[in-house]
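Each chain, written out:
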Amino acid sequence: MRNRVRIAAVSVALVIIGSAAPTAAMAAPPAGQEVLVTDLLNELRVEVPSGPAYNRDLYFEGQDLDGDGCRTRQEVLIEESQIPAVVAEGCDVVSGQWLSAYDNVLHVDPAAVEMDHLVALKEAWVSGAWTWTDAQRTAFSNDIGDARSLRMVTAAVNTAKSDKDPAGWLPTASLPAVRCTYVSDWVAVKWRWNLSIDEAEKAAVQNVLAGCGPQTAVVPALPDDRPATPASPTDYYITKYDGTIWAVTGTSITALTFAQWKAAGTPTPRPAPTSYVKYAWSPTISAVTIFGTDRSRWIWKHVSAAEWKKAGNPKPRNAGWIEGSTYYQWAGSSQIFVQDVGGTKHALTGAEWAAAGKPAFEKRSNQGFVKLSWNSSIAFLTDYAQGLGSPVSAARWKAEGSPTPVVRTRFPNDKVWQNYGSGTIYYSGPTVSKALTAAEYKALGSPRPEMRGTPPKPTTPPKPTAPPKPNFDRNCPDYPSQAAAQADFDKYYPWYGDVFGLDRDKDGIACESN
């Protein structure tokens, strides 16, 4: 009898078919560490399904690997029966009770259930099993080492599931917990057998897990002969616009040099899956070559006129988002702008921003376009906080995507002034410098202008200081000249009169006869 890691049954309402009453499902303890399912998912290789034509006979199903006389289906029937199964000669299971995990239906007739490979044999084949040995495929198709690999389910449900992955089939949405368990088990089985996952399949698993809350799984025990990671097959493509040959595998995309292409045996490349796109408002055309749904596997190129012509002048389609676009917002503005790879700038509408995926944008918080409420000139401020900038031409404004300027009455550090003696008032700021009309001055808020060119105020000469009164006497003969006598007379006369008696005739001239 097999020894399997079992997973606890989901507790939801049952649909009972048959006469036997259900019994409680017993869950065995975990066989390994419990981890987040997303951790296991992220370890899976993401590859495009590949391989030669599928051949189910290479799986050698229905073996008795443990030599106890019971084949794999019989092992699973006996193990999963919620009551002791009745087993006849030759390990023929006659009756029991089985809960079909995908639809939560209870069965008592073994003929009503089928053994499902959770990861179908064909799905395993295109996920890497085509490279395995016969022994490895036999071990996988008869995997009784982990209860998640094989299970008994309602026959019709098994038929509906067929060989689909979670992108093509999931248990009914009315049983969300069943879906959570299903994708968790799917990831665990793929991880146990080192199978790859494709992009759509991974996205489907992630979508289910997003609604499950933190989902954990017991790390599977590895099989004795776990398959190694197969070498990725290489496909060769050529981009028509420039003639580049690309080597593409499930894990890499490489532009080949001529020497590398020659070393690979000069394989004939297929036309690359290239689309040509542009924005509706720009003449710039970009080529995007898509090697899968993951954007990391997209090759973008801004094509020149010559490259576009070489590609056959294909008609580009309008796109909402193009690689290399830059998104930004000016200070004080609610508008979001985009600049494409060709340098064309555009103010996005709400619909255009949504079509681009509402990308993050740079907030240029200290630069922007402004105008005065009373004047039509527009300026670009290089320092928004300080009001520093200069006017822009109509051509520059249009090239910037015709941004709606922030309207202000005044700006930091602007000037309102008039010349002394003139009634004309002037304004000087980042948008304009001009003589103001009465209406403009009023719209400006009628600020008091700075007066320029005011003449200097007349200055009062300092009051002279009296010299000390002389305590000596002098006569005209004591002076070497009339000028020296006059100097002394002028020095003392305003304060003390003719102290030396030098002006005998009182005409203000000292020592006239000297």
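Overview of the structure. Position numbers for residues count from 1 along each chain, tracking the sequence in the order it is written. pLDDT decides what is reported in this predicted model: residues at 70 or higher carry local features, side-chain atom pairs at 80 or more are listed and counted, and totals for whole chains, interfaces and linings draw on all residues regardless. Side-chain calculation: all heavy atoms of the structure are included, whereas hydrogens and water are not.

### Focus: helix α4 (residues 134–141)
To keep it simple, the criterion reads: Burial status follows relative accessibility: with a 1.4 Å probe on protein chains alone, a residue under 20% of its type maximum counts as buried, one over 50% as exposed, and anything between as partly exposed. Think of it this way: any DSSP run of H or I at least four residues long counts as a helix, any run of E at least two long counts as a strand, and we number them from the N terminus. Should any heavy atoms of two residues lie within 4.5 Å, those residues are considered in contact.
Where α4 is concerned, the buried positions are Q136, R137, T138, F140 and S141. For α4, the elements touching its buried residues are β7 (113–117), α3 (121–126), β8 (150–154) and α6 (176–192).

### Notes on the state of the cysteines
Which entries qualify depends on this criterion: A pair of cysteine sulfur atoms is labelled a disulfide when the two atoms are within 2.5 Å.
Under the defined criterion, the tally for this structure stands at 3 disulfides. There is a disulfide in this structure between C70 and C91, and the S-S distance comes to 1.8 Å. Taking the torsion about the S-S bond as the criterion, the C70 to C91 disulfide, at about 95°, is right-handed. Taken together, the residues span a long stretch of sequence, with C70 in the loop between α1 (37–43) and α2 (72–80) and C91 in the loop between β3 (86–88) and β4 (92–95) at a distance of 21 residues.

### Considerations on the pairing of β4
This is how the line gets drawn: Between any two strands, pairing holds if DSSP finds at least two bridges.
Note: β3 against β4, 3 bridges, orientation antiparallel. Paired with A88 across the strands is D92, a residue of β4. Here β3 folds back onto β4 in antiparallel fashion, the turn holding 3 residues, of which G90 has a positive phi close to 75°.

### Quick look at the sheet that holds strand β15 (residues 286–290)
Taking strand neighbours across the sheet as the criterion, the 4 strands line up as β16-β15-β14-β17 in an open arrangement whose pairing is mixed. Both outer strands of the open sheet, β16 (298–302) and β17 (317–318), are each paired with one neighbouring strand and no more. Bridging between strand β14 (residues 274–278) and β17 involves 2 bridges; their strand directions are parallel. From the neighbouring strand, K278 faces β17, where its bridge partner is N318.

### A word on the packing of aromatic side chains
The test is simple: Here is the rule: rings of Phe, Tyr and Trp (six-membered ring for Trp) pair when centre to centre is within 6.5 Å. Planes less than 30 degrees apart are stacked, more than 60 are edge-to-face, and the remainder are tilted. Only when the NZ atom of a Lys or the CZ atom of an Arg is both within 6 Å of the ring centre and within 35 degrees of the ring normal do we say a charge sits over the ring.
As enumerated under the stated definition, the model contains 27 aromatic pairs in all. Seen from their ring centres, Y54 and W125 are 6.0 Å apart, and the 70° between their planes marks the pair as edge-to-face. Of this pair, Y54 sits in the loop between α1 and α2 while W125 sits in helix α3, and the two are 71 residues apart along the sequence. Taking relative accessible area as the criterion, Y54 reaches 29% and is therefore assigned partly exposed. Residue classification places W125 among the buried positions, given a relative accessible area of 3%. Their ring planes at 70° and their centres at 5.7 Å tell us that W132 and F140 sit as a pair that is edge-to-face. According to the relative accessible area criterion, W132 is buried, its value standing at 6%. Taking the relative accessible area as the measure of exposure, F140 reaches 4% and is therefore buried. Over the aromatic face of F380 sits the side chain of R396, whose NZ or CZ is 5.2 Å from the ring centroid. Lying across the ring of W417, R452 places its NZ or CZ 4.0 Å from the centre.

### Overview of empty space enclosed by the protein
As a reminder of what qualifies: Space inside and on the surface of the protein is sampled on a 1 Å grid over the protein atoms alone, with a cavity defined as a set of points where a 1.4 Å probe fits but cannot get out and a pocket as an open set with protein on both sides within 12 Å along at least 5 of 7 lines; lining residues have an atom within 4 Å of a point. Grid points are joined across faces, edges and corners, and a volume is the space filled by probe spheres set on the points. For this scheme, ten residues count as nonpolar: Ala, Val, Leu, Ile, Met, Phe, Trp, Tyr, Cys and Pro. Four count as charged, namely Asp, Glu, Lys and Arg, and the remainder, Gly too, count as polar.
Tallying each qualifying case throughout the model produces 6 cavities of 30 Å³ or more. Considering only enclosed or pocket space, the largest cavity measures out at about 70 Å³ in volume. If you go around the largest cavity, you meet 14 residues; those closest to its centre are E47, S50, G128, W130 and P230. In the lining of the largest cavity, the residues fall into 6 nonpolar, 6 polar and 2 charged.

### What about the sheet that holds strand β20 (residues 345–347)?
Here is the rule: An axis is simply a line fitted to the C-alpha atoms; with a helix, the fit covers only the stretch in contact. Between two such axes, the angle follows the N-to-C directions and lies from 0 to 180 degrees.
Sheet architecture is open: 4 strands sit in the order β20-β19-β18-β21, paired in mixed fashion. Strands at the two margins of the open sheet, each flanked by one partner only, are β20 and β21 (362–364). When strand polarity is set aside, the average angle formed by the axes of neighbouring strands in this sheet is 30°. As defined by bridge partners, strand β18 (residues 326–330) adjoins strand β19 (residues 337–339) across 3 bridges and the pair is classed as antiparallel. Among the inter-strand pairings, Y328 is bridged to a residue of β19, identified as F337.

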